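What the coordinates show
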Amino acid sequence: MKDFIIPDRDFGTPAAKSKTMVTLTIDGFDVTVPEGTSIMRAAAEAGISVPKLCATDSVEAFGSCRLCLVEIEGRNGTPASCTTPVAAGLKVSTQNTRLKKLRRGVMELYISDHPLDCLTCSANGDCELQDMAGAVGLRDVRYEAVETHFKAKNTSGEANPQWVPKDDSNPYFTYDPAKCIVCSRCVRACEEVQGTFALTIQGRGFDSRVSFGAKTDTALTSDCVSCGACVQACPTATLQENSIIDIGTPERSVITTCAYCGVGCSFKAEMRGDELVRMVPYKHGKANRGHSCVKGRFAYGYATHKDRILSPMIRDAIIDPWREVSWAEAMDFAADRMRGIQAKYGQQSVGVITSSRCTNEEAYLVQKLTRAVFMNNNTDTCARVCHSPTGYGLGQTFGTSAGTQDFDSVEETDVVIVIGANPVNGHPVFASRLTKRLRQGAKLIVIDPRRTEMVEGPHYKADHHLALTPGTNVAVISAMAHVIVTEGLMDEAFIRERCDWDAFQDYAEFIAAPHHAPEAVELLTKVPAADVRAAARLFAKGGNGAIYYGLGVTEHSQGSTTVIGIANLAMLTGNIGRPGVGVNPLRGQNNVQGSCDMGSFPHELPGYRHVKNDDARAVFERVWGVSIDNEPGLRIPNMLDAAVEGTFKGLYCQGEDILQSDPDTKHVAAGLAAMECVIVHDLFLNETANYAHVFFPGSSFLEKDGTFTNAERRINRVRKVMAPKQGYADWEVTQLFANAMLGKTGGAGWGYTHPSQIMDEIALTTPSFAGVSYERLETLGSVQWPCNEANPEGTPLMHVDGFVRGKGRFIRTEYVATDEKTGPRFPLLLTTGRILSQYNVGAQTRRTANVVWHAEDVLEVHPHDAEVRGIHHGAWVRLASRSGETTLRAEITDKVSPGVVYTTFHHPETQANVITTDFSDWATNCPEYKVTAVQVSPSNGPSEWQEDYAAQAEQSRRILPAAE
Amino acid sequence: MSLETRPHDKLIVMANQIAKFMESKPHAEGIEGLSSHINDFWEPRMRRQLFEMLDAGGAGLRPLVLDAAPLIRRPKP
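Residues numbered from 1 in each chain as written. Chains lettered and ligands numbered in written order. Predicted model: local features only at pLDDT ≥ 70, side-chain atom pairs only at ≥ 80, totals over all residues. Heavy atoms only, no water.

Moving on, we get to the overall build of chain B. A tally of regular secondary structure across chain B gives four helices and zero strands. In sequence order, the secondary structure elements of chain B are arranged as α-α-α-α. A compact globule built from 77 residues would reach a C-alpha radius of gyration of about 11 Å, and chain B, at 12 Å, matches this within 12%. Evaluated residue by residue, chain B yields a buried proportion of 60% over its 77 residues. Across chain B, the fraction of contacts at a sequence separation of at least 24, relative to all contacts at a separation of at least 6, is 67%. Just so you have it, chain B exposes about 3,500 Å², and 60% of that area is on carbon and sulfur atoms. Across chain B, the mean location of the 11 positive side-chain charges is 4 Å away from that of the 10 negative side-chain charges. (Helix = DSSP H or I, 4+ residues; strand = E, 2+ residues; numbered from the N terminus. Rg over C-alpha atoms; globule rule 2.2 N^0.38 Å. Buried < 20%, exposed > 50% of the residue type's maximum accessible area, 1.4 Å probe, protein only. Contact = heavy atoms within 4.5 Å. Areas by Shrake-Rupley, 256 points an atom, 1.4 Å probe, with all protein chains shown as cover. Lys, Arg positive; Asp, Glu negative; His and termini not counted. Charge placed at Lys NZ, Arg CZ, Asp CG, Glu CD.)

This is the structure in structure tokens:
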């Protein structure tokens, strides 16, 4: 592997998992390794690198290059060390006259069909073929190849039919077949690591070529998802990052954490000076284990995009153009306004939204700003609109909102339920680990209205796809529980020992009622009862059962009830508290877990302690030197309602674009427009900034120190690899603002000089973080909270010896139909989601080459619904609900059922949220994004609303030249 | 179109949604669950508006909300 900067050693073959140890001798040294280890890896463990080309430790051994030959005493021939397992007492030699001669001969053959243009080759200095030529002492090539793959023309000037031009169709990497040695590492990485099977070897013998899909495919048109695993596996310049081709090799690397989804992959940011050359997934990253997706691996260009705002800006009214000002003037202006609002409208008239994209330390400071400087609890975060029902549902049943497992757990799962999630698109690196397990034979139950990529893929297929009507999750989950209870499939021993027995009996009586039977709800859910019964039986009795879920569960008016239902299901079947099982919420944004942990919710202090609790407040009151309000504050939808009513007037919104991401855009816009001071703190003039009076430019994740907490509760370090382009890391900006506010009243300012001090304060005040420090993170790499005296190295699995709340609590889950109903005017149900290449509102990914995969949001319509409406593939359609209407292009597909349409919300031009309504989860106000009654009809182009919006956005983004 | 065609209509919907979940529990538990939910999660101005409606007879609110009202914390005016 190409790891010349921080040499992460390549052991050649994956680690064996056996507990039985075997001792052998390699070059005279005794080596003890687990049974099943290859001789190559055993040698590597002893510090001996056997020459190799086709082996790398991210994929299984293949034995094709014949460079890693060794001799074994008492055995014939020279076996390949990569494919030969160790055995007790073997005496291996890796280097002698015979082996040297054989290896040199192999290299001669390789090099005879490889161009000798090392000096101008993009892999110069980072090429394993080059390294191996050196390692075997290749000094001469005796063969003059008559036919080659690398010469465009033969000696008579005729075109060489074996020569294939470069494929540069992918925006991020180039495939140069002339450099290929057909080691198959790319093909195997695509199969084993990513699981896409986009690459293959076409032809045989001398004609063998690496090929993207069919002969007519390019990298871009093939099934390739641009995860970069092949590029990483390639030992030569055949598959090379375009950034390396453009810039050259990096000179240092810094371990950091991806700022996209909740998987939280560890990366090496490889740098030359302060230029980021490439992002390479970090092999020792415990969430991703050396894998990546197109976003984290390649889509970082937004950090240096020309749209990025680098100067603070202010304006008196949102109809004015922006005026660039100094940081000091911006702070003064913002503090004056906010103080003025509080003086006029009261202490409760302002609030904050913390960012689920920023670090824990930054989220902590923003909620501290509202609690200790604004002196109220008006703080919320984007988790409100995604996983707040998880917090409620798991908190009620298990005693903590924490997801129960680490990602490694999936390797021991036997039956997986994926409900309301499409990890193949939303959490791709986790999906690769999941589908790997499915290819090994684990069973799969998918509960989703759409036939998503999760239902069927290369060498896996869901055993049951329960394609339910949007909005009927509770009915389906309850029906499964009904089957388990009435057929006696529950794990009674587990329930008696671990759960509240009275609550279970109450629940069992409730769920056994005939109206929960699969047959009784079939009309409602449209899921055949037999399928529900079969799925329930499989989950109850199929071995280790794990449930993974996403926003298709939470973003409903009964989101919290479904989460409770999922927890009930896990308790019923005893699937809690060991590897391979559990309840696993897949979090959307990189730090949505962390922002919740950090007290971003209006009713909770850091560590999920309610503000009504005197002892919890006392801890912070002592450290902060203030008195904390004991009443819950406003949640995002409540803030907007209060703004429309005129009692909420000022908002500091960090790293969040509520105008685009929150439902019922018109209502959000009305709320924002009614405020007197909106401060947007972001990289870009996002949609919300159209209504802002102050703009604080933000810093990217490459420009600051901090931590992110991923969906497995893993706290990972974010490390600064370059200076903030606008002068300050985001935590410093919040501190400047807090101090400007405090300065107005003569209060003592904050004095953090490094995020590690903020983490120390978090550890001091928050029991589940008590053991966390930057020092410990340096030592351990990462840690899963709770991390405290009892668990100094963190907690990979929750509820191992008992539930956090003591006994697990079953809770009744009555199905209540949403008020959002189809009818004559709006006969279809719209559900929303996301795709692989784009992320959330797209502010980042739309500013990268990822747009080649998804340049606009499209509406998926079933052929039947399209036909009766006269809609054809690619046509403009008008999508209307009682909230609003927009236009976009139609994609005719049977991935959606008749009566259901689907779109994504990545593009502000489409604004899918103009359509979504303000219905929300009963417990948490999490919006019901996933069910909206709509009508679809042919259209000529953008709606009037879209044109008005675009005009308003353009007006609002004017910036006056700085008056110097 | 938003839900608040009349003032506080949205709060009626929200309170009734909570009631519908709590109605599946035994009545006493339902009352306790509903009131503590609103006490824990509703900001004082939301509770103040709820009481405006309750004090005016609670039209449109489900019976469980009315039954739970004595346990809901009345915010300072």
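Our next topic: the overall build of chain A. The secondary structure content of chain A amounts to 29 helices and 37 strands. Radius of gyration (C-alpha) of chain A: 29 Å, near the 30 Å computed for a compact globule of 964 residues. Viewed in the frame of its principal axes, chain A has a C-alpha envelope of about 90 × 80 × 65 Å. The proportion of buried residues among the 964 residues of chain A is 65%. Within chain A, contacts between residues at least 6 apart in sequence are counted, and of these 72% link residues at least 24 apart.

Turning our attention to the packing of helix H9 (residues 360–374) of chain A against helix H25 (residues 730–745) of chain A. All names here are of chain A. Running from amino to carboxyl end, H9 crosses H25 at an angle of 10°, the nearest separation of the two axes being 9 Å. In terms of orientation, H9 and H25 fall into the roughly parallel class. Contacts between H9 and H25 involve Glu362, Leu365, Val366, Leu369, Val373 and Phe374 on the former and, on the latter, Asp730, Trp731, Thr734, Phe737, Ala738, Met741 and Leu742. Class assignment of the residues belonging to the contact of H9 with H25 gives a composition of 10 nonpolar, one polar and two charged. (Axes fitted to C-alpha atoms, helices over the stretch in contact; angles between N-to-C directions. Parallel < 35°, antiparallel > 145°, perpendicular 65-115°, else oblique. Nonpolar A, V, L, I, M, F, W, Y, C, P; charged D, E, K, R; others polar.)

As a further point, take the packing of aromatic side chains. Residue and element names in this part refer to chain A. Across all of its chains, the model carries 31 aromatic pairs over all chains by this definition. On the numbers, 6.3 Å between centres and 40° between planes, the contact of Tyr608 with Trp785 is tilted. Of this pair, Tyr608 sits in the loop between strand S23 (604–605) and strand S24 (609–610) while Trp785 sits in the loop between strand S30 (782–784) and strand S31 (828–833), and the two are 177 residues apart along the sequence. What makes Tyr608 partly exposed here is its relative accessible area of 24%. An aromatic cluster is present here, built from Tyr172, Phe173, Tyr175, Phe212, Phe298 and Trp853 joined pairwise through their rings. Above the ring of Phe684, the side-chain terminus of Arg847 is found at 3.8 Å from the ring centroid. (Phe/Tyr/Trp six-rings, centres within 6.5 Å; stacked < 30°, edge-to-face > 60°. Lys NZ or Arg CZ within 6 Å of the ring centre and 35° of its normal.)

With that out of the way, let us pick up the interface of chain B and chain A. The partner chain A presents 39 residues to the 27 residues of chain B that form the contact. Regarding the contact of chain B and chain A, the summed buried area is about 2,800 Å², with carbon and sulfur atoms giving 49% of it. At the boundary of chain B and chain A, one finds five salt bridges. A salt bridge links Asp918(A) to Lys10(B); its shortest N-O distance comes to 3.4 Å. Scanning the region where chain B abuts chain A turns up 13 residue pairs in polar contact (both at pLDDT 80 or more). (Buried area = accessible area lost by both parts, 1.4 Å probe. Salt bridge = Lys/Arg side-chain N within 4 Å of Asp/Glu carboxyl O. Polar contact = N/O pair within 3.5 Å; in protein donor to acceptor, adjacent residues only side chain to side chain.)

Residue and element names in this part refer to chain A. One open sheet accounts for four strands, arranged S2-S1-S4-S3; its pairing is mixed. One side of each edge strand has no neighbouring strand; the edge strands of this open sheet are strand S2 (29–34) and strand S3 (71–72). Alignment of S3 against strand S4 (residues 91–93), held across two bridges, turns out to be antiparallel. Pairing of Glu71 across the sheet is with Ser93, part of S4. (Pairing = 2+ DSSP bridges.)

What follows concerns the side chain of Ser388(A). Residue and element names in this part refer to chain A. Tracing the sequence through the fold places Ser388 in helix H10 (residues 388–397). Look at Ser388 and you get buried, because its relative accessible area is 5%. The contact partners of Ser388, leaving out residues within four places of it in the chain, are Ala383, Phe601, Thr924 and Cys926.

Attention now moves to the environment of Pro171(A). All names here are of chain A. Take Pro171: it is sitting in the loop between helix H3 (128–135) and strand S5 (173–175). For Pro171, a relative accessible area of 26% puts it in the partly exposed group. As a C-alpha pair, Pro171 and Leu220 span 49 residues in sequence and 8.4 Å in three-dimensional space. Ignoring any residue separated from it by four or fewer positions in sequence, one finds Pro171 in contact with Leu220, Asn242, Ala849, Val852 and Trp853.

What follows covers the pattern of salt bridges. Enumeration over the complete set of coordinates arrives at 62 salt bridges over all chains. Between Arg433(A) and Glu411(A) there is a salt bridge whose closest N-O contact spans 3.1 Å. Residue Arg433(A) is found in helix H12 (residues 428–439), and its partner Glu411(A) is found in the loop between H10 and strand S16 (415–419); the two are separated by 22 residues along the sequence. With relative accessibility at 11%, the residue Arg433(A) sits in the buried group. Using a relative accessible area of 35% as the deciding quantity, one classes Glu411(A) as partly exposed. Between Arg73(B) and Glu631(A) there is a salt bridge, and its shortest N-O distance comes to 3.0 Å. Of this pair, Arg73(B) sits in the segment after helix H4 (63–68) while Glu631(A) sits in the loop between helix H21 (614–624) and helix H22 (636–645), on two different chains. In this structure Arg73(B) comes out as partly exposed when scored by relative accessible area, which is 34%. Taking the relative accessible area as the measure of exposure, Glu631(A) reaches 13% and is therefore buried.

Moving on to the sheet that holds strand S15 (residues 379–381) of chain A. All names here are of chain A. Across the sheet, eight strands lie side by side as S15-S14-S25-S26-S27-S12-S13-S37; this open sheet has mixed pairing. At either margin of the open sheet sits one strand with a lone partner, and together these are S15 and strand S37 (959–960). Summarising the sheet, strand S26 (residues 677–682) and strand S27 (residues 694–697) pair through four bridges and their orientation is parallel. Across the sheet, Asp682 pairs through a bridge with Pro697, a residue of S27. H9 contacts strand S14 (350–354), S15 and strand S25 (650–654) of the sheet and is inclined by roughly 170° relative to S14.

Below, the discussion takes up helix H2 (residues 97–112) of chain A. All names here are of chain A. With 16 residues, H2 extends 23 Å from end C-alpha to end C-alpha; this agrees with the ideal 22 Å at 1.5 Å per step. For H2, the complete set of buried residues consists of Leu99, Arg103, Gly105, Val106, Met107, Glu108, Tyr110, Ile111 and Ser112. Of the surrounding secondary structure, the elements contacted by the buried residues of H2 are S3, S4 and H3. The backbone nitrogen of Arg98 lies 3.1 Å from a side-chain oxygen of the residue at the head of H2, namely Asn96. (Expected span 1.5 Å × (residues − 1).)

All names here are of chain A. Buried residues dominate helix H4 (residues 185–194), accounting for nine of its 10 residues. Residues of H4 that are buried: Arg185, Cys186, Val187, Arg188, Ala189, Cys190, Glu192, Val193 and Gln194. Taken together, the buried residues of H4 touch H3, strand S6 (199–202), strand S7 (209–212), helix H5 (229–233), strand S8 (239–241) and H12. Backbone geometry just after H4 places Gly195 at a positive phi near 85°.

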